[in-house]
Amino acid sequence: MDEPGPGPDLLVVGSANADLVARVERLPGAGETVHGTEVRTHPGGKGANQAAAAARLGARVALLARVGADEHGAFLLAAQRAAGVDTAHVLTGGAPTGLALITVGPGGENTIVVSAGANALLSVADVRAAAELLSAAPVVSLQLEIPLASVVEVVRTVGPGTRVVLNPSPLAPLPAEVLTACDPLVVNEHEARRLLAGAAGDAGEAGDVREARGDGGPGAAGEAPEDRARALLALGPRSVVVTLGSRGAVVADAHGVLRVPSPVVEAVDTTGAGDAFTGALAWRLGAGDDLATAARLAVRVGAATVTRRGAQSSFPGPDELAGF
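Residues numbered from 1 in each chain as written. Predicted model: local features only at pLDDT ≥ 70, side-chain atom pairs only at ≥ 80, totals over all residues. Heavy atoms only, no water.

**Points about the overall build of the protein**
Line of reasoning, step 1. Within the protein, the secondary structure is distributed over eleven helices and 13 strands.
Line of reasoning, step 2. At 19 Å, the protein has a C-alpha radius of gyration in line with the 20 Å of a compact globule built from 324 residues.
Line of reasoning, step 3. Taken along the three principal axes of its C-alpha coordinates, the protein extends 55 × 50 × 40 Å.
Line of reasoning, step 4. Residues counted as buried form 54% of the 324 residues belonging to the protein.
Line of reasoning, step 5. Long-range contacts, defined as pairs at least 24 residues apart, comprise 66% of the intrachain contacts of the protein with a sequence gap of at least 6.
Line of reasoning, step 6. With the model as given, the accessible surface of the protein reaches about 13,600 Å², and the carbon-plus-sulfur share is 53%.
Line of reasoning, step 7. Looking at charge distribution, the protein has the averaged site of its 25 positive side-chain charges lying 3 Å from that of its 35 negative ones. (Helix = DSSP H or I, 4+ residues; strand = E, 2+ residues; numbered from the N terminus. Rg over C-alpha atoms; globule rule 2.2 N^0.38 Å. Buried < 20%, exposed > 50% of the residue type's maximum accessible area, 1.4 Å probe, protein only. Contact = heavy atoms within 4.5 Å. Areas by Shrake-Rupley, 256 points an atom, 1.4 Å probe, with all protein chains shown as cover. Lys, Arg positive; Asp, Glu negative; His and termini not counted. Charge placed at Lys NZ, Arg CZ, Asp CG, Glu CD.)

So, in structure tokens, the structure goes:
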């Protein structure tokens, strides 16, 4: 590992993957084969993406992750350093570097299959070994491409003034101590629906949801993103962001619920756009912006990202946001 530098503005704890990307004429259905372009390798992984996106914008970012002692691992470390990320806390070895198999359709839509590799070995012990870093970070950003037990340990280890940002992707049931630490919980519309459906099912097993909550329960949430954001906030996180792709985002906290529109762009490739949004959001929250202000920057970053191919290679710098 490199020698640690000054404390970061943002600490990202999460995954680093080599993205193997093929463009296709259309996304295949079940059991279907379609022709694709030559496969290209890009740096990726939700954690590494978030770190690179914030660093490109000028943030001091550190990444706590694990990669393999292999060619892909060296490739990812070089990409992080080129983006300006402190890689002193990236661990090496134990398993091959994680891989993501990505197909991208003509409208920029994609499908992603992740093989965790070394990401699955980012352990509770690794988190505990980084306790000093975690307790000093103003913001820690998390995802679920690493073991859930390690995410729980991060929440238990951060300092009392540390803000926890969680993008629970790929989606999994969240322990109460993780959910209530989120500030914000960042989900897309699909994830919001699934979280609310799961919460409604859990409440139904415990008794009548409406009677237990007095407000209809999470299962009573309307179809509008604003309604889903309110319902998610009622589950316990300190704040919520529901991303809406080309329609922007909805933010919800103790001050209310607000729709944040996105600039209108022509999407080329949506890979990594959600990670770029979350990385920018987390950085600005740590810099003191309120949730709505941070989200206004984040939707611009997401919009700029989808206008170019690739994940980290498409992340904008501050000068590139002027047109968005």
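**Focus on the sheet that holds strand β2 (residues 17-23)**
Line of reasoning, step 1. Strand order in this open sheet of four strands is β3-β2-β6-β7, and the pairing throughout is mixed. With one partner strand each, in any of the chains shown, β3 (40-44) and β7 (110-115) form the two edges of the open sheet. Each strand of the sheet is rotated relative to its neighbour by a mean of 25 degrees, with strand direction disregarded.
Line of reasoning, step 2. With seven bridges connecting them, β2 and strand β6 (residues 98-104) associate as parallel partners. Bridging from a neighbouring strand, V21 pairs with I102 of β6.
Line of reasoning, step 3. Contacts from helix α2 (residues 71-83) reach β2, β3 and β6 within the one sheet, and its direction differs from that of β3 by about 55 degrees. (Pairing = 2+ DSSP bridges. Axes fitted to C-alpha atoms, helices over the stretch in contact; angles between N-to-C directions.)

**A closer look at the environment of V67**
Line of reasoning, step 1. Mapping V67 onto the fold places it in strand β4 (residues 61-67).
Line of reasoning, step 2. What makes V67 buried here is its relative accessible area of 1%.
Line of reasoning, step 3. Spatially, the C-alpha atoms of V67 and V39 are 21 Å apart, while their sequence positions differ by 28 residues.
Line of reasoning, step 4. Look past the residues within four positions of V67 in its chain and what remains in contact with it is A16, G73, L76, L77, V90, L91, T92, G93, T97 and A118.

**Thoughts on the packing of helix α10 (residues 273-286) against helix α11 (residues 291-305)**
A packed helix pair is summarised by two numbers, namely the angle formed by the two axes and the spacing between the axes.
Line of reasoning, step 1. At a closest axis distance of 8 Å, the pairing of α10 and α11 adopts a crossing angle of 150 degrees. By the angle between their directions, the pair α10 and α11 is classed as roughly antiparallel. Viewed along their axes, α10 and α11 form a crossing whose handedness is right-handed. The segment α10 lies against α11, with A273, A276, F277, A280, L281, W283, R284 and L285 engaging L291, A294, A295, L297, A298, V299, V301, G302 and T305.
Line of reasoning, step 2. Taken together, the residues that form the contact of α10 with α11 break down as 14 nonpolar, two polar and one charged. (Parallel < 35°, antiparallel > 145°, perpendicular 65-115°, else oblique. Left-handed = near helix turned anticlockwise from the far one by under 90°. Nonpolar A, V, L, I, M, F, W, Y, C, P; charged D, E, K, R; others polar.)

**Description of the pattern of salt bridges**
Line of reasoning, step 1. Per the counting criterion, the structure on display carries 13 salt bridges.
Line of reasoning, step 2. One salt bridge in this structure joins R230 and D227, with 3.2 Å as the shortest N-O distance. You can see R230 and its partner D227 sitting in helix α9 (residues 225-233), three residues apart, about one turn around the helix.
Line of reasoning, step 3. Among the residues examined, R230 registers a relative accessible area of 45% and is labelled partly exposed.
Line of reasoning, step 4. For D227, a relative accessible area of 29% translates into the label partly exposed. (Salt bridge = Lys/Arg side-chain N within 4 Å of Asp/Glu carboxyl O.)

**Section: the pairing of β4**
Line of reasoning, step 1. Taken across its seven residues, β4 has seven buried, putting it largely inside the fold.
Line of reasoning, step 2. Of the two faces of β4, the one lined by V61, L63, A65 and V67 and the one lined by A62, L64 and R66 are each fully buried.
Line of reasoning, step 3. Bridge count between strand β1 (residues 10-13) and β4: four bridges; the pairing is parallel. Looking across to β4, one finds that V13 is bridged to L64.
Line of reasoning, step 4. Two strands pair when backbone bridges link them, and β4 and strand β5 (residues 90-92) are joined in this way by three bridges, in the parallel orientation.

**Some details on the packing of aromatic side chains**
Line of reasoning, step 1. Under the counting rule described, the total for this entry stands at zero aromatic pairs.
Line of reasoning, step 2. Taking the ring centre of W283 as reference, the NZ or CZ of R284 above it sits at 4.7 Å. (Phe/Tyr/Trp six-rings, centres within 6.5 Å; stacked < 30°, edge-to-face > 60°. Lys NZ or Arg CZ within 6 Å of the ring centre and 35° of its normal.)

**A word on the side chain of T103**
Line of reasoning, step 1. Take T103: it is sitting in strand β6.
Line of reasoning, step 2. Side chain to side chain, T103 and T111 meet in a polar contact 2.3 Å long.
Line of reasoning, step 3. The residues contacting T103, other than those within four sequence positions of it, are A22, V24, L27, E109, N110 and T111. (Polar contact = N/O pair within 3.5 Å; in protein donor to acceptor, adjacent residues only side chain to side chain.)

**Notes on α11**
Line of reasoning, step 1. Compared with the 21 Å implied by 1.5 Å per residue over 15 residues, the 21 Å span of α11 between its first and last C-alpha is a close match.
Line of reasoning, step 2. Of all the 15 residues making up α11, twelve are buried; the element is thus mostly covered by neighbouring parts of the structure.
Line of reasoning, step 3. The complete set of buried residues in α11 reads L291, A292, A294, A295, L297, A298, V299, V301, G302, A303, A304 and T305.
Line of reasoning, step 4. Capping the start of α11 is the job of one residue whose side-chain oxygen sits 3.3 Å from the backbone nitrogen of A292: D290. (Expected span 1.5 Å × (residues − 1).)

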